[in-house]
Amino acid sequence: MTPFLQATVYGLLQGGLLALVAVGFSLVWGVMNVVNLAHGALAITGAYFSWQLHESLGLDPVLSLVVVLPVMFMVGYVIQRGLINLVVNAPIWMTLLLTFGLEALIVNGLLLAFTGDFRSTRTGYSTNTLALGGVRIPYARLIAFGLSLLLTVALVLFIRNTKMGLAIRATGMDRTAARLMGMNVRHVYAVTFGTATALAAAAGSMIGLVGTFTPVVAGGYTLQSFVIAVLGGLGNMWGALAGGLVLGLATAWGALYLSGTLVNAIAFGILVLVLIVRPSGLLGKPYYEARAEA
Amino acid sequence: MAATSARPGMPESESESAHPELGAPTTGPPKAAPAGRTTASQLAGWALVLGLLVICLLAPKLFIPSFLRTLSAVFMFATLAQAWNIIGGFTGYPSFGNVVFFGLGGYTIAVLMARSHWSFWPALVVAVVLGAAYAMLIGIPTLRLKGHYFAIATLGVAEGTREIVLNVPKVTGGGAGITVPAVGPSATTSYPGNTGFLYYFLALLVVAMLAVYAIARSRFGFALRAINQDEDAAAAAGINTTRMKIAAFMVSGAITAAAGSIYAFQQVSIYPDRLFSVDITVLMVIMAVIGGSGTVIGPLVGGVGLQFLSEYLRQNFTDYHTFIFGAIIIVAVVLLPEGAVRFASETVRQRRLPIMDNLRRYRL
Amino acid sequence: MTAALETRDLSVRFGGLKAVDGISVTVEDGRVLGVIGPNGAGKSTFINLITGQIRPTRGKVLVGGRDLTGAKPWKIAAARVARTFQINKPFRGLSVRDNVAIGAMFGAPGGGSVAKARGVADEVLERLGLSGVAELGPTELSVAHAQRLEVAKALALRPRVLFLDEAMAGLRPAEMEPQLELIRELRREGLAIVVVEHVMRAIRSVCDTVLVMQEGRELLTGPPDEVLADERVITAYLGQRYAERQRAERAEAGGSGPAVADQVGPRPEGETRAPG
């Protein structure tokens, strides 16, 4: 029982963190129809950012978010406004290729700057665990999970209750109508992307807290974000959380009963199955039907 | 609610020639070109092709062995890009998992030659057939999806297939890879060497080019383009869209599998990570798109150009080459979203460089 | 003689919404059925059910006696049923000629090579007066030409049954007459035609029978003049109070007052709207 329970707890905790990685990806895809292949790379950039702050200033990763969030928001804003906006109206694979190029740029930039060595942001409490009924929970994981939940909820509140959130939703539904209503769509898109980047970077910081990372793992996180976004429905925040938990659990249980490498195959199997059976995801609306675009 | 096309952002005015000749794009309505000029440029085009072909055939006499290897890679990637072009460019279904056929082809060769002691050529036939069959198998569920969804589904299938190959070591050697018997007593077919592989890849490239050229001017090509431009209208006009899409995918898969087969033989030792690498998929997509997807020579231009560029960067900027390559891709995508070939023909047609046109057309 | 087209109790539900509910019609060769109704009545959905874009949840579709319920669009095309789309769907990357040739290549009985299909296309374009624009791209056409291209694409299939979904939309009254004349010609040639329209003039001038749909159901079926004067139809389009006012005015004026046709749709040139 205990290995199963341990795996379940681990799966949920990891799932929450993955949800934070994916929620921005899902938002950008749902609102702007942009599939950002560089998303994982941006997350890992956040990891390195926090790591560097920890190395140079001894700043705790959780506290470093105060710096990481706004800075990465601005980075995302500029990337969207300056680069991705240039191909938003082009056929789909343009943004795919553009963001692929961006990913290559970022990952290799990080490799050049930091080398491919595995890094981790080791804090004083990194190795402490909480023992709860036979299950060991590292404090770091708990903190990461809590923060992920917090930020996801904050995002939902932002989208639901603020004027900018409303603007984002409206623009996502009908860009032309939004423009006619006087919204500066370029700005709205840039804010959306900036938010997504900031959250991804925050998730990256947490990744550094709970484990190791190198630039090369960026692609894996992008792929997992795909799966989660599709599972949860594009642009659906709660869906991303649900999807993250599902993926986290499936991966954890899979690792328990199957050989390690088959676990990825499971993730993809789920993905393909969902796409074929219910492309709108577990919680979402059919994407291509739901969007009204002139 | 406005009817949405599954591919938003389709450019408004496509005024390119519909003559599926070598130099011109195959989408777009025909222009009224003076008859004499067309024939002259056609002749010029064919002359160029013949000239290049002759150079390639003489390559072993002209170039050093390492350049021959580079040339082989160029031919291979051009073939992959051209194969992708059939399903991604003409039909408009951007497959991000075509490498699965590459890997399947390669592993078929390796397994048949290493484990069952087949010789190369019969194994190649099997590999091609398997490539087509697998395309049909995964095409039936995935070709129901559109756009991003299709891209991701095919990506998922490719990754999943890699995992499967990784996990049946008894057959495929798993993570340790598998080695094709190329030398010594267990070799079933003598190893062709640099020159041999150059010709094999060249032959395959010629086959791929002919296939695309034939498709472009055939009924099949029209059907694919119609599906690309408006699938509902195509179905209403009597096109069995399901059958056509699957057929396109099968042709694409067969050619890609052939490329993978020759590659596996050339490399001798292969691993899942290499044969099913996502990078190969993305490279073939980039080459096709930047060259000009949906055209006949676009993927050739893209494949040749980008592969040589990649080689050059790799040799001269070893540390930074991927970084630079990424930057170049970004610039190319932004400035040439329609691809180099269409850009070139627009330049000739308008007698100016329409760089800003593309930017203005596609940006928000 | 089996009817060219017959639907029996044709219905589709989307979740709780009955978009089309129990529509049964028969269209013989050489007859024109008009389908009218307020927006959202289910007219286009009805066509989509017959031509295979949507699967019906109940009912049957018979073409020349053959059961083609729920068949794929290309099977329907092979059965010589052609349609236009309410929002025109041209192949934007192909010339006008090639747009039409597609139907001849794949939908017409016997198919055809590219060259042969282009020949057929030229004939169709000639008939529709589009020969002059054969080389252009569809996006370069005027509204009138674009509407005719949509019809040309359908005619290239050499259909037995033809659906025209708001083929008059966007046309000026002067542009409508050639379109109407075409429909009359096709009717004389023996096609069974279904015309979905908002333009009552078109309905009145070419239809043999009119089906009025409301909220997915059949409200009334009958000859155009009867249907367009029927109070229920006026109510459906213009509301109860208007219908009552009409009834009152007609009673005063002695029986011959304005019908729906005169209130809905563009005016024929030269006429002024009746007061009231």
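Keep in mind it's a predicted model, so treat the numbers as computed, not measured. (Residues numbered from 1 in each chain as written. Chains lettered and ligands numbered in written order. Predicted model: local features only at pLDDT ≥ 70, side-chain atom pairs only at ≥ 80, totals over all residues.)

Novice: Describe the overall build of chain C, naming the residues involved and giving the relevant values.
Specialist: Along its length, chain C carries 11 helices and 10 strands. For chain C, whose C-alpha radius of gyration is 19 Å, the value lies close to the compact-globule estimate of 19 Å for 276 residues. Its C-alpha atoms give chain C principal-axis dimensions of roughly 65 × 45 × 35 Å. The burial tally for chain C puts 47% of its 276 residues in the buried class. (Helix = DSSP H or I, 4+ residues; strand = E, 2+ residues; numbered from the N terminus. Rg over C-alpha atoms; globule rule 2.2 N^0.38 Å. Buried ≥ 20, exposed ≤ 12 C-beta atoms within 10 Å, placed from the backbone.)

Novice: Describe the overall build of chain A, with residues and values.
Specialist: A count of helical and extended segments in chain A gives 12 helices and two strands. Overall, chain A shows an N-to-C arrangement of helices and strands of α-α-α-α-β-β-α-α-α-α-α-α-α-α. For a compact globule of 294 residues, the expected C-alpha radius of gyration is about 19 Å, and chain A comes in at 19 Å, within 12% of that figure. Along the three orthogonal principal directions, the C-alpha set of chain A runs to about 60 × 45 × 35 Å.

Novice: So what about the arrangement of the chains? Which residues, and what values?
Specialist: Here two pairs of chains make contact, and the pair sharing the most contacts is chains A and B. For the non-touching pair chain A and chain C, the nearest C-alpha separation works out to 12 Å. (Contact = placed C-beta atoms within 7 Å.)

Novice: Please give an account of the interface of chain B and chain A that cites residues and values.
Specialist: Every contact between the two is made by 45 residues of chain B and, on the other side, 45 residues of chain A. When contributions to the side of chain B that touches chain A are tallied by element, the ones reaching two or more residues are α6 (147-166), α13 (278-292), α15 (321-335) and α17 (355-362) of chain B.

Novice: Go over the sheet that holds strand β10 (residues 217-222) of chain C, please, and point to the residues and values.
Specialist: Residue and element names in this part refer to chain C. Taken in spatial order, the six strands of this open sheet run β6-β7-β8-β3-β9-β10, and their pairing is mixed. Two strands bound the open sheet, and with one partner strand each, they are β6 (81-83) and β10. The mean angle between the axes of side-by-side strands here comes to 20 degrees, regardless of whether they run parallel or antiparallel. Strand direction decides the pairing type here: β6 and strand β7 (residues 161-165), joined by three bridges, are parallel. When the sheet's bridge partners are listed, V81 is paired in β7 with V161. Together, β9 (209-214) and β10 form the strand contacts of helix α9 (residues 231-238), whose direction differs from that of β10 by roughly 135 degrees. (Pairing = 2+ DSSP bridges. Axes fitted to C-alpha atoms, helices over the stretch in contact; angles between N-to-C directions.)

Novice: Can you break down the sheet that holds strand β4 (residues 58-63) of chain C residue by residue, with the values?
Specialist: All names here are of chain C. Taken together, the four strands give an open sheet; going across it, the order is β2-β1-β4-β5, and neighbouring strands pair in antiparallel fashion. Since the sheet does not close on itself, it has two edges, and those belong to β2 (17-27) and β5 (66-67), each with one partner. Pairing of strand β1 (residues 5-14) with β2 involves seven bridges; the strand directions are antiparallel. Note on β2: the bridge partner recorded for T7 is V25. Against the sheet, helix α1 (residues 43-51) contacts β1, β2 and β4, and its axis sits at roughly 65 degrees relative to β2.

Novice: How would you explain the environment of C:V12 if you had to name every residue and give the values?
Specialist: All names here are of chain C. With respect to the helices, strands and loops of the structure, V12 is situated in strand β1. When the C-alpha positions of V12 and R188 are compared, they lie 33 Å apart, and in sequence the two are 176 residues distant. What V12 contacts, discounting residues up to four positions off in sequence, is A19, V20, T45, L49, I54, P56 and T57.

Novice: Report on helix α14 (residues 298-316) of chain B, specifying residues and quantitative values.
Specialist: Counted at 1.5 Å a residue, the expected span for α14(B) with its 19 residues is 27 Å, and the 27 Å between its end C-alpha atoms agrees. In this fold, the buried residues of α14(B) make contact with α3 (65-90), α8 (193-217), α13, α15 and α16 (340-350) of chain B. (Expected span 1.5 Å × (residues − 1).)

Novice: Which residues make up helix α4 (residues 99-115) of chain B, and what values do they have?
Specialist: Residue and element names in this part refer to chain B. With 17 residues, α4 extends 23 Å between its outermost C-alpha atoms, agreeing within 8% with the 24 Å of an ideal straight helix rising 1.5 Å per residue. Of all 17 residues in α4, 15 are buried; the element is thus mostly enclosed. Positive phi shows up at H117, right after α4, with a value of about 55 degrees.

Novice: Would you mind going over the packing of helix α4 (residues 92-114) of chain A against α13(B) in detail, with residue names and values included?
Specialist: The geometry of α4(A) relative to α13(B) is characterised by a closest axis approach of 11 Å and an angle of 120 degrees between their N-to-C directions. Overall, the two elements α4(A) and α13(B) adopt an arrangement that is oblique. Read as a crossing pair, α4(A) and α13(B) show a hand that is left-handed. Side by side, α4(A) and α13(B) meet where A:W93, A:L97 and A:F100 of the first sit next to B:V282, B:V285, B:I286 and B:V289 of the second. (Parallel < 35°, antiparallel > 145°, perpendicular 65-115°, else oblique. Left-handed = near helix turned anticlockwise from the far one by under 90°.)

Novice: Residues and numbers for the confidence of the model for chain C, please.
Specialist: Residue and element names in this part refer to chain C. Per-residue pLDDT for chain C has a mean of 86; in total, 91% of the residues score no lower than 70. Throughout residues 266-276 the model reports pLDDT below 50, and contacts reaching past four residues in sequence, or to other chains, amount to 10 contacts. Taken together, the chains of this predicted complex give a pTM of 0.84 and an interface ipTM of 0.84. (pLDDT = per-residue confidence, 0-100.)

Novice: Explain unusual backbone geometry to me, using residue names and the numbers behind them.
Specialist: One non-glycine residue, A:T115, lies in positive phi territory at about 65 degrees. In this structure, A:T115 sits in the loop between α4 and β1 (129-132). Even without glycine at this site, C:D9 takes up a positive phi of about 55 degrees. Along the polypeptide, C:D9 turns up in strand β1. The exposure class assigned to C:D9 is exposed, which follows from the 12 C-beta atoms found within 10 Å.

Novice: For the environment of C:M200, give the residues involved together with the corresponding values.
Specialist: One can find C:M200 in helix α7 (residues 200-206). Taking the C-alpha atoms as reference points, C:M200 and C:P224, separated by 24 residues in sequence, lie 9.2 Å from one another.

Novice: Give me the lowdown on the pairing of β1(A), citing residues and values where you can.
Specialist: Residue and element names in this part refer to chain A. Where β1 lies against strand β2 (residues 135-138), four bridges are found, and the strand directions are antiparallel. Pairing of L132 across the sheet is with V135, part of β2. Counted between consecutive antiparallel strands, the loop separating β1 from β2 contains two residues, among which G133 sits at a positive phi close to 55 degrees.

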